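An overview of the molecular structure
If you want the building blocks of each chain, they are given just below.
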Amino acid sequence: MAHVLVIESSARSEGSVSHHLVDSFISARRANHPSDTFTLRNLAVDQVPHLDADLLGGWMKPVDQQSAAEQAALERSNLLTEELLAADVLVLAAPMYNFGIPSTLKAWLDHVLRAGVTFKYTETGPQGLLSGKRAYVLTARGGIYSGSPQDHQEPYLRQVLGFVGIHDVSFIHAEGLNLGEEFMKRGLNEAQARLAEAI
Ligand SMILES: Cc1cc2nc3c(=O)[nH]c(=O)nc-3n(C[C@H](O)[C@H](O)[C@H](O)COP(=O)(O)O)c2cc1C
C-alpha cells in the first residue's frame, strides 16, 4: 500500500489536460494498487502564498520569538511539508506556462524545500532527506519541447526533486496540444500510452 500525494497546478477549472492526466493516473493506480490512498491538492483552488517575511521569520526564529503572523505562516508551510513527508509517491501535474512551471507550483516548492526537513547541509554538500519516494511529473504543453534546450520544466524539476532526494522520477509530457487537432490527438495518445507503461 502506498500513499500518493497529487499536486495540481493548472489554472483552468475546465478542460485541463494535466488534470485529465491526473484522472488517468489515479484510475490506473486504483486498478493496479487498490489499497493506495490519496491526498489531492489543487494549487489553483487552495492557493499557497509566496514566500514572505512572515514565513522566513517563522522558519528562522525560535517559537518563543515568533509573532502570531510568523507562527501562522509556519503552520501553513508545515502542513504542506508534512503532506510531502507522508507520501510514498508524489505526482506533480504541471501545465507549461511561459516556458516553465506555473508560479503556483513554484510557490509550493518554495514551501517544501526546507533545510533540516526535506534536505540538509553537510560537510560534503547538501543532502536530500526524501529518499525512497517515487515521483511522476505530468505536463501539458501547447508546443513540443521534450529533449530540447527550450524545455525548462523537466531539467528544473529533476534538479529540485533530486535535491530533496527523489531521484526515481518519470516525466510524462502531453505535447503539441495547441498545434492543431492532429498534433493534439497524437500528443494525448502518446502521453496516455507512456502513463500506462510508467505506473
Ligand atoms: C498563461 C499561459 C502560458 C502558456 N505558455 C506556454 C508556453 O510557454 N509553451 C507552451 O508550449 N504552451 C504554453 N501554454 C499552453 C499550455 O501549456 C497548454 O494550454 C496546456 O494544455 C495547459 O495545461 P492544462 O491543459 O492542464 O491547463 C500556455 C498557456 C497559458 C494559459
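Placed above this text is the structure.
A brief report on the enclosed structure follows. Treat the numbers as computed from the prediction; the structure is a model and nothing was measured.

With respect to the overall build of the protein chain
Helix and strand content of the protein chain: 6 helices and 7 strands. What you see in the protein chain, going N to C, is helices and strands ordered as β-α-β-α-α-β-α-β-β-β-α-β-α. Compactness check: the protein chain gives a C-alpha radius of gyration of 18 Å against a globular reference of 16 Å for 199 residues, within 12% of the reference. Along the first, second and third principal axes, the C-alpha atoms of the protein chain reach 60 × 35 × 35 Å.

Side note on empty space enclosed by the protein
Taken as a whole and judged by the stated rule, the model has 2 cavities of 30 Å³ or more. Looking at the largest cavity, its volume works out to about 40 Å³. Lining the largest cavity, in full, are L84, L90, W108, L109, V112, L113, L130, V160, L161, V164 and I166. The set of elements that each furnish at least two residues to the lining of the largest cavity consists of α4 (103–112) and α5 (154–163). No other element matches α4, which puts 3 residues into the lining of the largest cavity. Looking at the lining of the largest cavity, its residues break down into 11 nonpolar, no polar and no charged. Estimates place the volume of the second largest cavity at around 30 Å³.

Remarks on the layout of surface pockets
Of the volumes computed, that of the largest pocket is approximately 220 Å³. In this structure, the largest pocket is lined by 13 residues; those nearest its centre are R12, P95, A140, L177 and N178. Considering only residue class, the lining of the largest pocket consists of 6 nonpolar, 5 polar and 2 charged. Its boundaries defined by the atoms lining it, the second largest pocket holds a volume of some 170 Å³.

Examining the site of the ligand
Contacts to the ligand come from 17 residues, most closely from S10, R12, S16, S18 and G143. A distance of 2.8 Å is found between a nitrogen atom of the ligand and a backbone nitrogen or oxygen belonging to N98. The separation between an oxygen atom of the ligand and a polar main-chain atom of A140 is 3.3 Å. More than half of the atoms belonging to the ligand lie within 2 Å of the grid points that define the largest pocket. A breakdown of the residues in the shell around the ligand according to their chemical character gives 8 nonpolar, 7 polar and 2 charged.

Focus on the packing of aromatic side chains
Each aromatic ring pair is described using two quantities: the centre-to-centre distance and the angle formed by the ring planes. Taken as a whole and assessed by the stated rule, the structure comprises 4 aromatic pairs. When the centroid spacing of 6.1 Å and the interplanar angle of 85° are considered together, the rings of F99 and Y145 count as edge-to-face. Taken together, the positions of F99 in the loop between β3 (89–95) and α4 and Y145 in the loop between β6 (134–140) and α5 put the pair 46 residues apart, joining distant regions of the chain. Taking the relative accessible area as the measure of exposure, Y145 reaches 17% and is therefore buried. Arranged with centres 4.5 Å apart and planes meeting at 50°, the rings of F119 and F163 form a pair that is tilted. Pair noted here: F119 is in strand β4 (residues 119–122) and F163 is in helix α5, with a separation of 44 residues, a long-range link. Residue class for F163 comes out partly exposed when judged on its relative accessible area of 24%. Each member of the aromatic cluster is reached from another via a ring pair, and the members are F119, Y121 and F163. The side chain of R134 reaches across the aromatic face of Y136, ending 4.3 Å from its centre. When the ring centre of F183 is taken as reference, the NZ or CZ atom of R186 above it lies at 5.3 Å.

Analysis parameters
- Residues numbered from 1 in each chain as written.
- Predicted model: local features only at pLDDT ≥ 70, side-chain atom pairs only at ≥ 80, totals over all residues.
- Heavy atoms only, no water.
- Helix = DSSP H or I, 4+ residues; strand = E, 2+ residues; numbered from the N terminus.
- Rg over C-alpha atoms; globule rule 2.2 N^0.38 Å.
- 1 Å grid on protein atoms, 1.4 Å probe; cavity = no way out; pocket = protein on both sides within 12 Å on 5 of 7 lines; lining within 4 Å.
- Points joined across faces, edges and corners; volume = space filled by probe spheres on them.
- Nonpolar A, V, L, I, M, F, W, Y, C, P; charged D, E, K, R; others polar.
- Near = heavy atom within 4 Å.
- Polar contact = N/O pair within 3.5 Å; in protein donor to acceptor, adjacent residues only side chain to side chain.
- Sits in = over half its atoms within 2 Å of the grid points.
- Phe/Tyr/Trp six-rings, centres within 6.5 Å; stacked < 30°, edge-to-face > 60°.
- Buried < 20%, exposed > 50% of the residue type's maximum accessible area, 1.4 Å probe, protein only.
- Lys NZ or Arg CZ within 6 Å of the ring centre and 35° of its normal.

Interpretation in functional terms is not warranted from these geometric data alone.
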